[in-house]
Amino acid sequence: MGAERRHDRSTWQQETLTPWLRRSPEREAEFTTLSGIDLPVLADQSDVDSAALGYPGEYPYTRGIFPTMYRGRLWTMRQYAGFGSAEETNGRFRFLLAQGQTGLSVAFDLPTQMGYDSDHPMARGEVGKVGVAIDSVEDMRRLFAGIPLGEVTTSMTINAPAAILLLMYEAVGLGQGVSGDRLGGTIQNDVLKEYTARGTYILPPAASLRLVTDTFRYCSEHLPRFHTISISGYHIREAGSTAPQEVAFTLANALAYVEAAQAAGLAIDSFAPRLSFFFNAQSDLFEEAAKFRAARRLWARLMAARGAKDPRSLQLRFHAQTAGSALTAQQPEVNLSRVTLQALAAVLGGAQSLHTNAYDEALALPTEHSALLALRSQQVIACETGVADVVDPLGGSYHVERLTDLIEQEAQALIDEIEAMGGAVAAIEGGFIQRKIQDAAYRYQQQVERGERKVVGVNAFQVEERERPSLLRVGGDVEARQLERLQELQAVRDDAPVARSLDRLEAMARGQGNLLEALRDAVAARATLGEMVDRLVAVYGRYRPKQTI
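Computed from a predicted structure; not experimentally measured. (Residues numbered from 1 in each chain as written. Predicted model: local features only at pLDDT ≥ 70, side-chain atom pairs only at ≥ 80, totals over all residues. Heavy atoms only, no water.)

Colleague: Break down the packing of helix H5 (residues 162–175) against helix H20 (residues 515–524) for me, citing the residues and quoting the values.
Modeller: In contact at an axis separation of 9 Å, H5 and H20 are set at 55 degrees when each is read in the N-to-C sense. Between H5 and H20, the angle is such that the two are oblique. Once H5 is placed against H20, the crossing between them reads as right-handed. Of the residues in H20, those touching H5 at Ala163, Ile164, Leu167, Met168, Glu170 and Ala171 are Leu516, Leu519, Arg520 and Val523. Among the residues forming the contact of H5 with H20, the class breakdown is eight nonpolar, no polar and two charged. (Axes fitted to C-alpha atoms, helices over the stretch in contact; angles between N-to-C directions. Helix = DSSP H or I, 4+ residues; strand = E, 2+ residues; numbered from the N terminus. Parallel < 35°, antiparallel > 145°, perpendicular 65-115°, else oblique. Left-handed = near helix turned anticlockwise from the far one by under 90°. Contact = heavy atoms within 4.5 Å. Nonpolar A, V, L, I, M, F, W, Y, C, P; charged D, E, K, R; others polar.)

Below is the structure:
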């Protein structure tokens, strides 16, 4: 055997790497992450500041927010579901819980997300199509019939009317005999990202922030176990952002909520422990794991700089969902592989909660079979791979630590730029965030069209497909049945308390007080979602976006 030789990187590069690369120089410029971060052939100890790595459960939480992470408790397997009627969605919830799901996640239809009742002209043709239709507290009762709300936690993907859906959920829980201090879950409630990435906004930003901060205060008094907002980078990434942009714009929005709550008189440690986050899990395994670690560390530093003292205020808790935008209609079964690897990235990155997309979601809502396979992918990762047995198994990897540092640095630079503009609201109103996302999405699409980014089944390894999987179709009678129920409710309820509660809501919107107190009375009187939203719109107006291109 030859004598051992110890090289530094420059010697290795000069004597070994460079001559080797001369054999295939055309490949040297090809390697970047999905977000465009340059990748060296090799990362080593010179790329890593090991002193900044820290330990899990300790500031700055790079390696996880709990000392034992999944050895103490696995992430919550929270499959997102909702379609058609409340009864149909209830059936899917029961099926998933029976198969080992550990938390519920509700998808609402577009009319509900936009604050329209099912009989509104804007709702026509959309009732129950991409989620469940909820017009009143009676629909919410049907949605959770037979499901003990004191024994599960529920995430609700609802934004502009989040406060109303939360109060309906609270009413159902109280009807089951479950007090508010026993109800747990999360409402997305992140309206700022709607203005930049998704579009299901209702009120202008200032009014939306009032509802958010009122929700913070209400939950601190009535629903202490509820996470009052899930600040979402998921849709920012789905709209085409890079990983560093996803982190930066999400945390910039979070800082806007923190500042709004402080301006409303709330102490930072009174609400920050109940802030949570929602991130995308894309297909670049190491970049995604590094992204989650960078976001966790950056949030801890940002909150410490703003005076947070409670360790829970510094801990970034997040739900992850695999990337819907990465699903392909071509060769859809290949999506099973994509989803599993994306879920693995989320677990390696330390997610507290995870949804895995079904392989057929590029074509339709998931069938019971495809939803089960999506859940099983999480269970295989948890039970068969060993990745949950050790905290932060990628920690100390030169490559992952380098990416973690670079993503944090790029995200911090973007946050600094946004703060210099006056914060996230000003950056949104000026179109800065929207333009950044649009530019990144355009660059990626160009790369795919030029073949620089290979997408299996789309621009690489294509086949002629003769069969499609069986797809779920929402019944054509869902809308008619929902309209009948809405009419029945309006016919049997007492209109006098409905009118009084709505008048009080409008008066409070024009003046002072916690809007959720008035909304709670309206929910109890069986006012509809659309009736409550209409009164808020009468005061604040509907938001109309500025052109950003």
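Colleague: Go over the environment of Ile407, please, and point to the residues and values.
Modeller: By secondary structure assignment, the location of Ile407 is in helix H15 (residues 398–421). In this structure Ile407 comes out as buried when scored by relative accessible area, which is 0%. Separated by 205 residues in sequence, Ile407 and Ile202 have C-alpha atoms that sit 33 Å apart. Among residues more than four places away in sequence, those in contact with Ile407 are Ile37, Pro244, Val247, Glu287, Ala290, Lys291 and Ala294. (Buried < 20%, exposed > 50% of the residue type's maximum accessible area, 1.4 Å probe, protein only.)

Colleague: Which residues make up the sheet that holds strand S10 (residues 353–355), and what are the values?
Modeller: Ordered in space as S1-S10-S9-S8-S7, the five strands form an open sheet in which the pairing is parallel. What marks the edges here is a single partner per strand, and that holds for strand S1 (76–77) and strand S7 (229–232). Here strand S8 (residues 275–281) pairs with strand S9 (residues 318–322) via five bridges, running parallel. Bridge pairing in S9 places Asn280 opposite Gln321. (Pairing = 2+ DSSP bridges.)

Colleague: Just give me the short version of the pairing of strand S4 (residues 153–157), but keep the residues and values in it.
Modeller: Extensive coverage of S4 is indicated by the burial of four of its five residues. Bridging between strand S3 (residues 104–107) and S4 involves four bridges; their strand directions are parallel. Paired with Ser105 across the bridge in S4 is Ser155. Sheet topology places S4 next to strand S5 (residues 184–187); four bridges connect them, and they run parallel. In the sheet register, Thr153 faces S5, and the bridge partner there is Gly184. Once you follow S4 into H5 and on to S5, the crossover reads as right-handed. (Right-handed = clockwise from strand over helix to strand, strands pointing away.)

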